[in-house]
Amino acid sequence: MDIAQVLHMNVGDGDYSYSNNSLLQRKVISMTKPIIDDALTNLYSALNFPKTLIMADLGCSSGPNTLLVASELVKSVYKIRQKFGNDESPEIQIYLNDLPQNDFNAIFLSVSKFRKNLTNQMVSNNSSSPCYISGVPGSFYTRLFLRKSLHFVYSSYSLMWLSQVPEMIDINKGNIYMSTTSPPSVIKAYCEQFQKDFSTFLKFRAEEMVSEGRMVLTILGRQSDDPCSKECCYIWDLLASSLKDMVAEGLIEEEKLDSFNIPQYTPSPKEVRNEVEKEGSFMIDRLEVSEVNCDASTGNNLNLSEEEDVQGYNMGKCMRAVAEPLVLSHFGESTIDEVFKRYAENIKSSMSREKTKHINVTVSVIRKG
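Everything numeric in this text was worked out from a predicted model, so none of it was measured.

Chemist: How should the overall build of the protein be read in this particular structure?
Modeler: Of the regular secondary structure elements, the protein holds 11 helices and seven strands. For the protein, the share of sequence-separated contacts (at least 6 apart) that also reach a separation of at least 24 residues comes to 83%. A total of about 16,100 Å² of accessible surface is found on the protein, and carbon and sulfur atoms cover 48% of it.

Chemist: Looking at this structure, I do not really get helix H4 (residues 64–84). What am I missing?
Modeler: Quick reminder: α-helices carry 3.6 residues per turn. Residues three or four places apart thus point the same way. Between its first and last C-alpha atoms H4 spans 31 Å; for 21 residues at 1.5 Å apiece the expected length is 30 Å, and the two agree. With 15 of its 21 residues buried, H4 lies for the most part within the structure. Once H4 ends, the next one or two residues include Gly85, with phi positive near 70°.

Chemist: Explain the pairing of strand E4 (residues 150–156) here, please?
Modeler: Look at any regular strand and the pattern is simple: side chains alternate between the two faces of the sheet. Within E4, seven of the seven residues are buried, leaving the element largely enclosed by the surrounding structure. Note: strand E1 (residues 52–58) against E4, three bridges, orientation parallel. By the bridge assignment for E4, Asp57 is matched with Tyr154. Examined bridge by bridge, E4 and strand E5 (residues 209–221) share six bridges and lie parallel to one another.

Chemist: Mind showing me how you'd approach the side chain of Ser149 here?
Modeler: Take Ser149: it is sitting in the loop between strand E3 (131–137) and E4. Here Leu146 takes part through its backbone oxygen, which lies 2.7 Å from a polar atom of the side chain of Ser149.

Chemist: In this structure, what is going on with unusual backbone geometry? I would like to understand it.
Modeler: Excluding glycine, residues mostly have negative phi values, and the peptide bonds linking residues are mostly trans. Phi at Lys148 takes a positive value of approximately 55°, unusual for a residue other than glycine. Along the chain, Lys148 falls in the loop between E3 and E4. Its identity as a non-glycine residue notwithstanding, Glu212 has a phi of 75°, on the positive side. Assignment of secondary structure puts Glu212 in strand E5.

Chemist: How do you make sense of the sheet that holds E3 when you look at a structure like this?
Modeler: Whenever strands of a sheet pair, they do so through backbone hydrogen bonds, lying parallel or antiparallel. Taking strand neighbours across the sheet as the criterion, the seven strands line up as E3-E2-E1-E4-E5-E7-E6 in an open arrangement whose pairing is mixed. Because the sheet does not close on itself, it has two edges, and the strands there are E3 and strand E6 (282–293). Here the strands of the sheet are splayed against their neighbours by 15° on average, with no regard to which way each runs. Inspection of the sheet shows strand E2 (residues 91–98) paired to E3 by seven bridges, in the parallel sense. Each bridged residue has a counterpart across the sheet, and for Tyr95 the counterpart in E3 is Ser134.

Cut-offs and rules
Here, residues in each chain are numbered from 1, in the same order as that chain's written sequence. Local features in a predicted model are, by the rule used here, given only for residues with pLDDT of at least 70; side-chain atom pairs are given and counted only at 80 or more, and totals for whole chains, interfaces and linings are based on all residues. As a rule here, side-chain values cover all heavy atoms of the structure and leave hydrogens and water aside. Per the convention used, a helix needs a DSSP run of H or I reaching at least four residues, while a strand needs a run of E reaching at least two, with both numbered from the N terminus. A contact between two residues is defined here by any heavy atoms of the two lying within 4.5 Å. In these tables, accessible area is a Shrake-Rupley quantity obtained with a 1.4 Å probe, and a residue counts as shielded only by the protein chains included in the view. In a helix, the anticipated span is given by 1.5 Å times the number of residues less one. Any residue under 20% of the maximum accessible area for its type is buried, any over 50% is exposed, and the rest in between are partly exposed; the area is computed with a 1.4 Å probe on protein chains only. A pair of strands is labelled paired if DSSP reports no fewer than 2 bridges between them. Any N or O atom pair separated by 3.5 Å or less is treated as a polar contact, with the protein-specific requirement of one donor-capable and one acceptor-capable atom, and with residues adjacent in sequence counted only for side-chain atom pairs. In this description, a line fitted to the C-alpha atoms serves as the axis of each element, helices being fitted only across the stretch in contact, and the angle between N-to-C directions of two axes falls anywhere from 0 to 180 degrees.

Quick look at the structure:
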């Protein structure tokens, strides 16, 4: 599986697009905003109110959340200037990065509207900071920017995705991710791939960032030290269950299932801390864990009975928007609707039995001098 070609959210604005199924991710961005504001405040002060600020959103995806992040960054700088009584507006460059298959066209088509809305939200046109948007296609596990050019780096719900499916010496039979029935060697391969990838990410960002630069990363993770804990694996177990049912019915070949593994790893806070300290280029300022209910994928315009009825369905669409390109590339188009129909039913059944949550690990770090 060529991750760079198939790892992207569903494009466009259709029923299963990421653009229309990313409320949960939007909620996470809002939850971590105080950490972003704190990091930017300290950065702006430490750099003595610079005339230019260069920022990057890594793994920006597409849809409304992409320019929401950019808007929040610019508005945060505006509020910080007011707080310090600084009348001079810095020029702000924001780089939006994701893999080449990301729907960059949809982002660029929204930029003019983004600028107009941003200007309207400021107190006056004269006090708003000029903001320039650029797209940077490529893996964030490689160098992306000029040396010592970035002041602030942000990433949300992206770094749990690995650069590749871990190389396994044993077959992860009947599973598509780490599971309680996975061989120990599979768990080890996943852990080692995350350690390698996250260390690589930190190394390249350290080369690209200025001294005292700040970086805020939110990663889908877990609180438990057990990488196979239910809190991080259940959502993929439900997809595996759907695929196994189709194997039993002869709709999918068993070999196809046994050769499919999700390129993701959800780390614990301890693992994130260990890798930051081991790589050595950054100092941890804050490391926090938060929770978000999976029903955050459901809008607020429903009454209680309707909401309970559609939560599983909406979460199913949310997961389809995320996972469909991966599943499609491996199993083919002929089975895709049936796979996600069954997956949505499994999710709905699971959510009717118990409240499920996603665990977020957010780390704010400072580039050492």
